[in-house]
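Commentary on secondary and tertiary structure
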Amino acid sequence: MTGVTQERLLLTELPGPASQALAARRRAAVSSAVSVGNELYIDHGDGAILVDVDGNHLIDFGSGIAVASVGHAAPPVVAAVAEQAAKFAHTCFMVTPYPGYVELCEQLALLTPGSHEKRSALFNSGAEAVENAIKVARAYTGRQAVIAFDHAYHGRTNLTMALTAKVQPYKDGFGPFAPEVYRMGMAYPYRWPTGPEHCAEEAFADFVAKAHVQVGEEHVAAVIVEPIQGEGGFIVPAPGFLKMVADWCTENGVVFIADEVQTGFCRTGSWFASEHEGIVPDLVTTAKALAGGLPLAALTGRAEIMDAPVVGGLGGTFGGNPISCAAALAAIQLMKDADLAGAARRIGDRIGARLGELAQAHPQIGEVRGRGAMMAVEIVRPDGSRTPDAALAKAVIAGCVRRGLVVLGCGTYGNVLRFLPPLVMPDALLDDALDILAESFAEATA
Ligand SMILES: *Cc1c(COP(=O)(O)O)cnc(C)c1O
């Protein structure tokens, strides 16, 4: 840690002068296609606090999209990175291997759901892990079709763009997309036409019928799903839906892939979100929180599936970088030692209780949902129509940012506020963040 107290502190209006100067340089030097959520430029971080270039202490309610779960500059991660960087930064595992890669794959086998024999391969990004999951499933099954869902987000590479549901901004102008990707309805309880109680059964019946008529079971290599949909709006599938889909996969020789890139590593109150639904995926993709902030991704799964591709068929120059592996091993140890899954459950209870109160006061909050420290509210018009109100969501986020709370939006309709604090956030800081949220809500709806 850099010794920063876990308190908000504002020295300037936000963004301050140093941030504003960088914003001007950004516009002149960085592609406008890489958008930024705010113009607060960060100098350093500590735990759940980000300190900007003007010296303001901001509360981090986004963790850089669910990455900084162990907190910023976590001492064991800093030490592991420094130690490995001083030894060597790269050999390429496929040229001359090193122990950290093997050790991390052993950990992944122990931590991911199921006690079957597993193998892993390491990559640089979530999208790359997803691409490789599809490659492995196709090699194993000898089939080509892949089923993904409405509201899905799996990345921005060509194949993962095809898997991603939303065109704006992820796919606009970037086609043609990879073929043999089929999209099915998601069991989205809040927006299910006949009501949440029928959602799982009806969505599954629709899935089975479409898979039979439009694809043919014998052509399906894989079904890929986020156990809680992230970018699509923190949609928790209706209970039982994922289990029915996973069982369907088993019955039809289809590889079931859980994309746990956002949900993995304690975020939802367990090591992996699949556990809440009692499902054991054939393959699991992980990235975001895996390596304490360093770029690293993994594909982990059943040994017979993971060993199916031709020898040399998987890999990459930087995949499983030794510094990232060292950071991941330190981050995982910290998650165990500090029981960050338990911390995520406590954070989720505290956020959920406060959001429940807020929803009582504001009919614009259509639903409070999520699990553990992966919570969200869906913002709608207050007339019972459930019409998404993206403008209000944006206004609330802007109010939070002005007050020194970094909050992210998401959702197919752009109307969801998502809360992803570092799992080391102290209660007092969490309460300050929730006060700011309530203030910003009151201001935006006044
Ligand atoms: C972020 C994300 C990805 C893509 O990960 P990158 O590291 O950005 O490529 C894939 N799947 C899910 C569920 C994600 O949240």
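These numbers were taken from a predicted model, which means no experiment stands behind them. (Residues numbered from 1 in each chain as written. Predicted model: local features only at pLDDT ≥ 70, side-chain atom pairs only at ≥ 80, totals over all residues. Heavy atoms only, no water.)

**Concerning the sheet that holds strand E7 (residues 220-225)**
One key point about sheets: their strands pair by backbone hydrogen bonds, in either a parallel or an antiparallel sense. What the 7 strands build is an open sheet, ordered E4-E10-E9-E8-E7-E5-E6; its pairing is mixed. On the outer flanks of this sheet lie strand E4 (118-123) and strand E6 (181-184), each paired with one strand and no other. Here the average twist between neighbouring strands, direction ignored, is 20°. Its contacts with the sheet place helix H4 (residues 99-111) against E4, strand E9 (283-286) and strand E10 (297-302), and it is angled at close to 125° to E4. (Pairing = 2+ DSSP bridges. Helix = DSSP H or I, 4+ residues; strand = E, 2+ residues; numbered from the N terminus. Axes fitted to C-alpha atoms, helices over the stretch in contact; angles between N-to-C directions. Contact = heavy atoms within 4.5 Å.)

**A short note on the sheet that holds strand E1 (residues 42-46)**
In space, the 4 strands of this open sheet follow the order E1-E2-E3-E13, with mixed pairing throughout. Each having just a single partner strand, E1 and strand E13 (405-406) make up the two edges of the open sheet. Strand direction decides the pairing type here: strand E3 (residues 57-60) and E13, joined by 2 bridges, are parallel. Its bridge partner lying in E13, Ile59 is registered against Leu405. Packed on one face of the sheet, helix H13 (residues 427-445) meets strand E2 (49-52), E3 and E13 and runs near 90° to E3.

**Observations concerning the pairing of E2**
Burial along E2 is two-sided: the face carrying Ile49 and Val51 and the face carrying Leu50 and Asp52 are both buried. As judged from the 4 bridges shared by E1 and E2, these two strands associate in the antiparallel manner. Pairing of Gly45 across the sheet is with Leu50, part of E2. In this antiparallel pair of consecutive strands, E1 and E2, the connection spans 2 residues, and Gly47 shows a positive phi of 60°. Direction of pairing for E2 relative to E3: antiparallel, over a ladder of 3 bridges. (Buried < 20%, exposed > 50% of the residue type's maximum accessible area, 1.4 Å probe, protein only.)

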